[in-house]
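Take a look at the letters that make up each chain.
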Amino acid sequence: MKSTSNSSLQFAHLSKYKAEIYGISILWIMLFHASILGLDYTFGTAFLKPLDAIIDLGNVGVEIFLFCSGVFLYFAYHNNKNILLFYKKRVTRLFLPVIIITGLYWIYRYLLLKHNFWLFLRKLTMLDFWVSGDQQIWFVACILVCYLVYPLVHLFLFESRFLNSTLRLCILLLLTASLTFTVYFVFPDYYSEVEIALCRFPVFFIGCYAGRLVYEKKTLPRYFYAIFLAVSVLGVLVLMFCNLPAPWYRWSFMLSGIPLTFVFVFMLNAFKCKPVSKFFAFLGTISLNLYVAHIMLIRVYKLTPLNENRNILHYLLLLVLSVAIAYAAELLINVITKKKGWLNNQPI
């Protein structure tokens, strides 16, 4: 008789490979940002065009990241429903990397040069994205909202008594879609500034729902791996060949992102290559720091002559420097929080 691990899709494997999945998603996102700068990975050869095309889909990494964040917030909150403690851990884990990595830059630019304390405060609290649409670290602003609303989402999905949790998820998704369309039609200019985050909340809510499936170690027949792979390929084809209108374009990333999460889990569990797993796990444990450091360095990179050279090797060196800064920030964060015992070096 085949073992359960070999004959079924186990949601618990997502927890087992938590750090690795975060690592895959953040690396994909960082590689993708090269396309925003007008760079590519072909080195002038047609042979590498498929690789460049895959990297150009790196936006899907955001969906994977948000989906996993929803999943593991279930673990954090279900095990201890102390809301103040939940907020303290999440907000501390979110703000420390931002303050450590970008704080001096903000102090210099907005306090010393511009003498604008209000703008500095908006940057520090992540309100600037929602107020002005500045997308410098929009993902952190998005995650902050996810943290703040999670206790209410958990209460609605898992502790309400009407209907069942699946139908409640559908209601939540419909309400979110209604809000998105309202902003789109009533405040189109504002929508264009915040849609990059606003349209991502559904994938987070689906992750919240999946969190209980992972926590309770639910299983599906093994052929669901093939189904997820087929759906993710379909999602990629939609992204590549279908010119979808807003906000359907952003929502279409879920079609690839969520099933690809489980495809990656299957690959990690099937091949069990320790060096590869350790590499992605390392990136995963510093994933938030890595994102913040990477975005800061891109800002600096754009101001230098290197940006005009359009040399992908320079950009890859930028990635290595981002890892170094993120790791140094993690060491400092561990020192700061060690006595409090608030955090560990796990991804958010």
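Described below are features of the structure shown in this document. Keep in mind that what you see is a predicted model, and the values were worked out from it rather than measured. (Residues numbered from 1 in each chain as written. Predicted model: local features only at pLDDT ≥ 70, side-chain atom pairs only at ≥ 80, totals over all residues. Heavy atoms only, no water.)

### As for the overall build of the chain
At step 1: From N to C terminus, the chain includes 19 helices and two strands.
At step 2: Over its C-alpha trace the chain gives a radius of gyration of 20 Å, about what one expects of a compact globule, namely 20 Å for 348 residues.
At step 3: Reported as C-alpha extents along the three principal axes, the dimensions of the chain are approximately 65 × 50 × 50 Å.
At step 4: On the chain, the mean spot of the 30 positive side-chain charges and the mean spot of the 14 negative ones are 13 Å from each other. (Helix = DSSP H or I, 4+ residues; strand = E, 2+ residues; numbered from the N terminus. Rg over C-alpha atoms; globule rule 2.2 N^0.38 Å. Lys, Arg positive; Asp, Glu negative; His and termini not counted. Charge placed at Lys NZ, Arg CZ, Asp CG, Glu CD.)

### Remarks on the pattern of salt bridges
Side chains that carry opposite charge are capable of pairing whenever their charged atoms lie near each other.
At step 1: Inspection of the entire model under this criterion finds eight salt bridges.
At step 2: Of the charged contacts, one joins R299 and D134 as a salt bridge, the two residues approaching to 3.4 Å between their closest N and O atoms. One end of the pair, R299, is in helix 17 (residues 287-302); the other, D134, is in the loop between helix 8 (127-132) and helix 9 (138-158), with 165 residues separating them in the sequence.
At step 3: Classification of R299 by relative accessible area gives partly exposed; the value is 32%.
At step 4: The exposure class assigned to D134 is partly exposed, which follows from its relative accessible area of 23%.
At step 5: Several salt bridges share partner residues, and in doing so they unite R122, K123, D128, D134 and R299 into one network. (Salt bridge = Lys/Arg side-chain N within 4 Å of Asp/Glu carboxyl O. Buried < 20%, exposed > 50% of the residue type's maximum accessible area, 1.4 Å probe, protein only.)

### With respect to the environment of I83
At step 1: Considering the arrangement of structural elements, one finds I83 in helix 6 (residues 83-113).
At step 2: Here the alpha-carbon distance between I83 and S132, two residues 49 residues apart in the chain, equals 30 Å.
At step 3: If sequence neighbours within four positions are ignored, I83 has contacts with Y77 and P151. (Contact = heavy atoms within 4.5 Å.)

### Digging into the packing of aromatic side chains
At step 1: According to the stated counting rule, one finds 35 aromatic pairs in the structure shown.
At step 2: One aromatic cluster is present, formed by Y22, F65, F72, Y74, F75, W138, F139, F158, Y215 and Y291 through successive ring pairs.
At step 3: Here K18 stacks its cationic end above the ring of F72, 4.7 Å away from the centre of that ring.
At step 4: Positioned above the aromatic ring of F253 is the side chain of R200, whose terminal nitrogen or guanidinium carbon lies 5.7 Å from the ring centre. (Phe/Tyr/Trp six-rings, centres within 6.5 Å; stacked < 30°, edge-to-face > 60°. Lys NZ or Arg CZ within 6 Å of the ring centre and 35° of its normal.)

### Focus on the packing of helix 10 (residues 165-186) against helix 12 (residues 201-215)
Two packed helices can be described by the angle between their axes and the distance between those axes.
At step 1: Their axes nearest at 10 Å, the elements helix 10 and helix 12 cross at an angle of 170°. With respect to helix 12, the axis of helix 10 lies roughly antiparallel. Our pair here, helix 10 against helix 12, has a crossing hand that is right-handed. Residues S165, T166, L169, L172, L173 and T176 of helix 10 touch helix 12, and the partners they reach there are F201, P202, F205, I206, Y209 and R212.
At step 2: Looking at the contact of helix 10 with helix 12, its residues break down into eight nonpolar, three polar and one charged. (Axes fitted to C-alpha atoms, helices over the stretch in contact; angles between N-to-C directions. Parallel < 35°, antiparallel > 145°, perpendicular 65-115°, else oblique. Left-handed = near helix turned anticlockwise from the far one by under 90°. Nonpolar A, V, L, I, M, F, W, Y, C, P; charged D, E, K, R; others polar.)

### Re the state of the cysteines
At step 1: Taken as a whole, this structure holds zero disulfides when the rule is applied.
At step 2: For C170, which is in no disulfide, the shortest distance to another cysteine sulfur is to C208 and amounts to 15 Å. (Disulfide = S-S within 2.5 Å.)

### Here we look at unusual backbone geometry
At step 1: Cis geometry is found at the peptide bond from A246 to P247, where omega equals -5°.
At step 2: The topology assignment puts P247 in the loop between helix 13 (224-241) and helix 14 (248-251).
At step 3: Backbone geometry places H115, a non-glycine residue, at a positive phi of 50°.
At step 4: Relative to the assigned elements, H115 resides in the loop between helix 6 and helix 7 (117-124).
At step 5: For H115, a relative accessible area of 65% gives the class exposed.
At step 6: Positive phi outside glycine occurs at K217, with the angle close to 55°.
At step 7: In this fold, K217 is placed in the loop between helix 12 and strand 2 (219-221).

### Observations regarding helix 10
At step 1: With 22 residues, helix 10 extends 31 Å from end C-alpha to end C-alpha; this agrees with the ideal 32 Å at 1.5 Å per step.
At step 2: Turning to helix 10, its buried residues are S165, R168, L169, L172, T176, A177, T180 and V183.
At step 3: Of the surrounding elements, those touching the buried residues of helix 10 are helix 9, helix 11 (188-198), helix 12 and helix 14. (Expected span 1.5 Å × (residues − 1).)

### Some points on the nonpolar core
At step 1: Formed by 109 residues in total, the largest nonpolar core has its most connected members in L14, I21 and Y315.
At step 2: Ignoring sequence-local partners within four residues, the contact set of I21 consists of L14, I64, C68, T261, F264, V265 and L268. (Core = buried A, V, L, I, M, F, W, Y, C linked by side-chain atoms within 4.5 Å.)

Worth remembering: the numbers are spatial, not functional.
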